Amino acid sequence: MYSNGDIFVGEVIGTAVLILFGAGVCAAVTLHYSKARAAGWVVIAFGWGMGVLAGAYTAAPLSGGHLNPAVTVGSAVAGGTPWSKVPLYVLAQMVGAALGAVLAWALYYAQFAANAERDKAQPTLGIFATGPEIRKPVANLVTEIIATVGLVLPLLFFGQNQGIGIGQVPGARVGVYGSGINVLLVALLVVGIGLSLGGPTGYAINPARDLGPRLVHALLPIPNKGSSDWSYAWIPVAGPLIGAVLAGLVHNCVF
């Protein structure tokens with residue numbers, strides 16, 4: 001069992017690494033005077049996948065490397081993570097997500113400034129948070145639910161594939177993933193979700209990933225940054241949480 005201190009430190013650091021890579025690749029592809037500008041959706045999907053890889057491997061020995069309230073809730077529904085630990089995980093993930101967004105902004109600080117000078121009408125929210133291509137709240141919510149089931153359900157089964165329960169890994173403290181190699185598989189799974197399921201809404205599949213950086217976007221002094229789109233912000237929070245509960249229930253029905 002992970003201590004409260006280890007959980008907080010692990011999830012803050014791991015989620016910050018995840019968002020640094022994820023918001024970083026979005027900034028690299030979006031902003032003027034970036035060498036990766038206009039590199040495209042495939043680059044973004046792989047950037048986020050590598051963020052999961054780096055963040056989860058970093059956090060796994062301390063906290064299990066959830067990095068995502070949906071993963072934490074899905075694991076709790078499936079019986080792997082104690083419900084009493086869920087608020088601590090979520091708090092740490094939110095803090096880490098905000099920290100990672102600030103680090104990505106600092107890394108691309110010169111590009112944000114130059115971008116505002118060159119294109120005063122270009123919003124920057126897409127670097128930090130998700131948004132739909134077609135704004136239909138019910139359809140957008142369903143998209144996030146299905147995409148999150150596509151993340152959490154396979155993840156919950158990884159432990160079963162190793163012959164051990166979720167969060168009960170002898171020796172190697174790798175939490176929900178079942179074994180170290182499964183962290184790589186989860187990273188590739190996130191790449192696949194981005195490529196296959198990310199088109200309609202940008203695949204938040206993680207409430208902290210969207211809400212933490214959205215808050216940072218609202219607070220940072222980014223020139224000509226545009227709206228933080230709070231009217232949409234509930235969907236990338238509610239959709240992944242609903243999807244996580246459904247994935248946990250399916251897991252329980254099977255086992």
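Given the structure is predicted, the values throughout are model-derived calculations rather than measurements.

Focus: the overall build of the protein
Helix and strand counts for the protein come out as 10 helices and 0 strands. Traced from its N-terminal end to its C-terminal end, the protein shows the element sequence α-α-α-α-α-α-α-α-α-α. Considering only C-alpha atoms, the protein reaches an extent of 55 × 35 × 30 Å along its principal axes. Going through the 255 residues of the protein one by one, you find that 53% of them count as buried. For the protein, restricting intrachain contacts to residue pairs at least 6 apart in sequence, the fraction spanning at least 24 positions comes to 79%. Accessible surface computed for the protein: about 10400 Å², of which carbon and sulfur atoms make up 71%. Side chains of the protein give 11 positive and 8 negative charges; the mean places of these two sets differ by 3 Å.

A word on the confidence of the model for the protein
Detailed conclusions should not be drawn from predicted coordinates in areas where pLDDT is low. Averaged over all residues, the pLDDT of the protein is 91; the fraction at 70 or higher stands at 91%. Every residue in residues 163-172 scores below 50 in pLDDT, and together they form 14 contacts with partners more than four places removed in sequence or on other chains.

With respect to the environment of A101
Mapped onto the fold, A101 is located in helix α4 (residues 86-107). The spacing of A101 and L20 is 81 residues in sequence and 6.1 Å in space, taken between C-alpha atoms.

Some remarks on the pattern of salt bridges
Pairs can form between side chains of opposite charge whenever their charged atoms are close. In the structure shown here, the tally under the stated rule is 2 salt bridges. Between D229 and R135 there is a salt bridge, with the nearest N and O atoms lying 2.7 Å from each other. One end of the pair, D229, is in the loop between α9 (207-219) and α10 (235-254); the other, R135, is in the loop between α6 (125-128) and α7 (137-161), and 94 residues separate them in sequence. Note that R214 is salt-bridged to D210, the shortest N-O span being 2.7 Å.

Observations regarding the UniProt feature "transmembrane region" (unreviewed entry) in the protein
UniProt records the feature "transmembrane region" (unreviewed entry) for residues 12-31, 38-60, 88-110, 183-205 and 233-254 in the present numbering. In this annotation, residues 233-254 is assigned 91% helix and 0% strand; the end-to-end C-alpha distance for the span is 33 Å.

Overview of the environment of G239
Locating G239 in the fold gives a position in helix α10. Linking G239 and Q111, residues 128 residues apart in sequence, is a C-alpha distance of 32 Å. Those residues in contact with G239, other than ones at most four positions away along the chain, are L141, E144, I145 and T148.

Digging into the packing of aromatic side chains
In the structure shown here, the tally under the stated rule is 4 aromatic pairs. An angle of 80° between the planes, with centres 5.5 Å apart, marks the rings of W105 and Y109 as edge-to-face. Between F157 and F255, the aromatic rings sit 5.5 Å apart at their centres with planes inclined by 50°, giving tilted as the arrangement. You can see F157 sitting in helix α7 and its partner F255 sitting in the segment after α10, a full 98 residues away along the chain. Looking at R118, its charged tip hangs above the ring of Y33, at a distance of 5.7 Å from the centre.

What about the side chain of H251?
Following the sequence through the fold, H251 ends up in helix α10. For H251, a relative accessible area of 4% translates into the label buried. Within the local environment of H251, its side chain forms a polar contact with the side chain of N252, the two groups lying 3.4 Å apart.

About the criteria used
The numbers attached to residues start from 1 for each chain and follow its sequence in the written order. Residue-level local features of this predicted model are given only where pLDDT is at least 70; pairs of side-chain atoms are given and counted only at 80 or more, and the full residue set underlies all totals for whole chains, interfaces and linings. The basis for every side-chain value is the complete set of heavy atoms in the structure, and neither hydrogens nor water enter the calculation. Helix and strand labels come from DSSP, where a helix needs a run of H or I of at least four residues and a strand needs a run of E of at least two; each type is numbered from the N terminus. Working definition: with a 1.4 Å probe on protein chains only, accessible area under 20% of the residue-type maximum means buried, over 50% means exposed, and in between means partly exposed. Whether two residues are in contact is decided by their heavy atoms, any of which lying within 4.5 Å being enough. Only the protein chains shown count as covering a residue, and every accessible area follows the Shrake-Rupley method with a 1.4 Å probe. Note on charges: Lys and Arg go in the positive column, Asp and Glu in the negative column, and His and the chain ends are not counted at all. Where a charge lies is defined by one atom per residue type, namely NZ (Lys), CZ (Arg), CG (Asp) and CD (Glu). Values of pLDDT, ranging from 0 to 100, describe the predictor's confidence in every residue of the model. Whenever a carboxyl oxygen of Asp or Glu lies within 4 Å of a side-chain nitrogen of Lys or Arg, that contact is scored as a salt bridge. UniProt positions are given in the numbering used here, feature names are shortened, and annotations may be inferred rather than shown by experiment. In this analysis, rings of Phe, Tyr and Trp, with Trp reduced to its six-membered ring, are considered paired at centre separations within 6.5 Å, and the interplanar angle assigns stacked below 30 degrees, edge-to-face beyond 60, and tilted for intermediate values. As a reminder, the over-ring test applies to NZ of lysine and CZ of arginine, requiring each to be within 6 Å of the ring centre and within 35 degrees of the ring normal. Definition of a polar contact: a pair of N or O atoms within 3.5 Å, with one able to donate and the other able to accept a hydrogen when the atoms are protein atoms, and with sequence-neighbouring residues admitted only if both atoms are side-chain atoms.

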